[in-house]
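One letter stands for each residue in the lines below.
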Amino acid sequence: MSVINQMNEKLANMIAAGEVVERPASIIKELVENSIDAFATNINILVIDNGLREIKVIDNGIGMSSVDAKKAFLRHATSKITTEYDLERIKTLGFRGEALAAILSVSKVTIKTRQENGNAYYASFVDSKVIDEGNTSLNIGTEITINSLFYNTPARLKYLKSEFSERAAIIDTFDRLALSNPNIRFSLTIDDKLVKETYGNNDYYSLISQIYGQGILKDMKYFEEEFAKIKVKGYLASPSLARSRRKDITIFVNGRYIKNYTLTQAIVDGYHSFLMNNKYPLAILIIEMDPVLLDVNVHPQKLEVKFSNESLLRFQIESIIKKTLTTFKHDIPQNLSMFDKKETTEKYIKESLDFTYNDELPFKVSNDIKEEKTLGELNINKIPEMEYVGTLASTYLLFQNENGMYMVDQHAAEERINYEYYYDVIGNPQIIVREMFIPRKLSLTTNDLSNLKKHIELFKEYGFMFDDELNLVTHPTFVLDKDLDLMIDEMLVMINEKGTIILSEILDQLAKDKSCKASIKASDKISRTEIDELIKKLRLAKNPYTCPHGRPTIILLTHYEIERMFKRVVS
């Protein structure tokens, strides 16, 4: 008896919907991509109840005939490709002919469309069947309305994330689509409120400011390169605007937004010496290449692609970004991630000072010196009394006493001080509110400001209060003024990922982040008063000998070691 049966069309479409229609944002992506392929220059997206009740996409594209309007919802029906040759040279965003059939299988759909010199036509679908059709009124273009999403698969609803997450996903999808098409005017309306709008004037800087906010343009760098017949353009935000997530790295290939770990990592590595650990840049990468060199037919969502020359792309992109970012060097601190690994630490120290670092001790000592002396062996619990004699390379503070010469890394020293301040706060955070004399404007993107407004009561519980323009007016005293922007950004990230705020986790991460970012920079010139204050605070630290990364803050070169180097002693 045969046990293998061929699925009916409806069941096959519902299974396909599981890959294509993950959430309302997925539908918006598919519908808008169809509008773009139809040469639309104006696309309006209207959403009600985060897309569960209604999604409507209206465009001014070329429209469809009544026959094509119905045929478009059949599985594997497409106007984009006809032969195997076309499959290897895909230039459109859509081509698989699966999306509309998948959407139709889990929702109720109405389409209205009109071509130039033709009549407007509409058709309504329920359970993948036409229940009504006829003539209507419409400008040239297409309007598709999706109602009652997942009405026939209620189990899918429980897998949707929170209301905030679904709204954020819709806005994020809108941003990607708008960024990839600066020549198209987009608008997004959620629950009858205009949330975002772009002008479609082909001005990319204007578009970036509309998506991320005007502040993001400060010190933004642009590059344009060509190699191996591949054109690469990029917009790189200042490293000082680093984020806590990778999601602000955006990659487009031939107008298609993609997710590719290798290229994303190339961008991160390009920023490597300019960012702290666990921080990511805000960057936009635009690649144009022969469609023959990539395969977009990897997954139904069309977010993944395969490159025939991925290694070359990665190498070139990383190199170009590093070269472009060199202009930031004088404005930002150098990243200390090179000290995260022991072998890199030893290599750095050996190459720079010709000494070997012993990670069991708080100081560097020469390998061939048998009688090593450390602060511990000198029976000193804290930083000893010593006389300041000068500064080397505006980075290393030089001191001397009867034991020899001390070198203090001013950046690493303040890192330790800042870290212990925040670490102490973590153990017993007290919400004592401080009112600001002048409201503070935050350096947040428009998306972040929108999220902040939505969760303003949650921030209030932790002592953060804002005026009507979302300027900060009060904050808890355990957060220093210079750290407020980063603290609020970390809180927004946690809300997005966990739906709540866990203060101890945020403060722990803030301790690690700010101990580096808020410290005196390497090459910063500091006054004698600042030097004295730095050493005074370092003496009070619980562990003054290393920074949070494990690098030494202070090095002792004994008189004996110095005499050995100058050959005054030979044994």
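Look up a bit, the structure's there.
Applying the stated criterion to the full structure yields nine aromatic pairs. Between Tyr222 and Tyr235, the aromatic rings sit 4.9 Å apart at their centres with planes inclined by 50°, giving tilted as the arrangement. Separated by 13 residues along the polypeptide, Tyr222 in strand β9 (residues 221–227) and Tyr235 in strand β10 (residues 230–236) bring together distant segments of the chain. Classification of Tyr222 by relative accessible area gives partly exposed; the value is 33%. Residue class for Tyr235 comes out buried when judged on its relative accessible area of 7%. Here a set of aromatic residues connected by ring pairs shows up, and it is made of Tyr204, Tyr205, Tyr222 and Tyr235. Lying over the aromatic face of Tyr151, Lys108 brings its terminal NZ or CZ to 5.1 Å of the ring centre.

This paragraph deals with the sheet that holds strand β12 (residues 256–258). A sheet is described by the order of its strands in space; here five strands give the open sequence β9-β10-β13-β11-β12, paired in mixed fashion. Lying at the two open borders of the sheet, with one neighbouring strand each, are β9 and β12. Sheet twist, expressed as the mean angle between neighbouring strand axes with direction ignored, is 20°. Relative to β12, strand β11 (residues 249–253) runs antiparallel, the two sharing three bridges. Bridged to Val253 within β12 is Arg256. Sitting on the sheet, helix α7 (residues 204–212) touches β9, β10, β11 and β13 (283–288), and the angle it makes with β13 is about 135°. Sheet strands touched by helix α9 (residues 310–325): β9, β10 and β13. Its angle to β9, the strand with the most contacts, is close to 145°.

As a further point, take unusual backbone geometry. Look at Ala228: it is not a glycine, yet its phi comes out positive at around 50°. Within the secondary structure layout, Ala228 lies in the loop between β9 and β10. Backbone geometry places Asn254, a non-glycine residue, at a positive phi of 50°. Its place among the elements puts Asn254 in the loop between β11 and β12.

What follows concerns the nonpolar core. One broad rule of soluble globular proteins: the nonpolar side chains tend to lie buried together. In terms of nonpolar packing, the biggest core is built from 58 residues, with Val32, Ile43, Ile45, Leu179, Tyr204, Ile208 and Ile284 touching the most fellow members. No other element matches helix α6 (residues 163–179), which puts seven residues into this core. Those residues in contact with Ile284, other than ones at most four positions away along the chain, are Leu179, Tyr204, Ile208, Tyr212, Lys233, Gly234, Tyr235, Thr250 and Phe252. Membership of the second largest hydrophobic core comes to 27 residues, among which are Phe227, Ala266, Ile267 and Ala283.

Further remarks concern the environment of Asn147. Relative to the helices and strands, Asn147 resides in strand β6 (residues 141–147). Among the residues examined, Asn147 registers a relative accessible area of 23% and is labelled partly exposed. Spatially, the C-alpha atoms of Asn147 and Val109 are 6.2 Å apart, while their sequence positions differ by 38 residues. Non-local contacts of Asn147, meaning those with residues more than four positions away in its chain, are made with Arg53, Glu54, Ser107 and Lys108.

Cut-offs and rules
- Residues numbered from 1 in each chain as written.
- Predicted model: local features only at pLDDT ≥ 70, side-chain atom pairs only at ≥ 80, totals over all residues.
- Heavy atoms only, no water.
- Phe/Tyr/Trp six-rings, centres within 6.5 Å; stacked < 30°, edge-to-face > 60°.
- Helix = DSSP H or I, 4+ residues; strand = E, 2+ residues; numbered from the N terminus.
- Buried < 20%, exposed > 50% of the residue type's maximum accessible area, 1.4 Å probe, protein only.
- Lys NZ or Arg CZ within 6 Å of the ring centre and 35° of its normal.
- Pairing = 2+ DSSP bridges.
- Axes fitted to C-alpha atoms, helices over the stretch in contact; angles between N-to-C directions.
- Contact = heavy atoms within 4.5 Å.
- Core = buried A, V, L, I, M, F, W, Y, C linked by side-chain atoms within 4.5 Å.

Geometric values such as these leave the question of function open.
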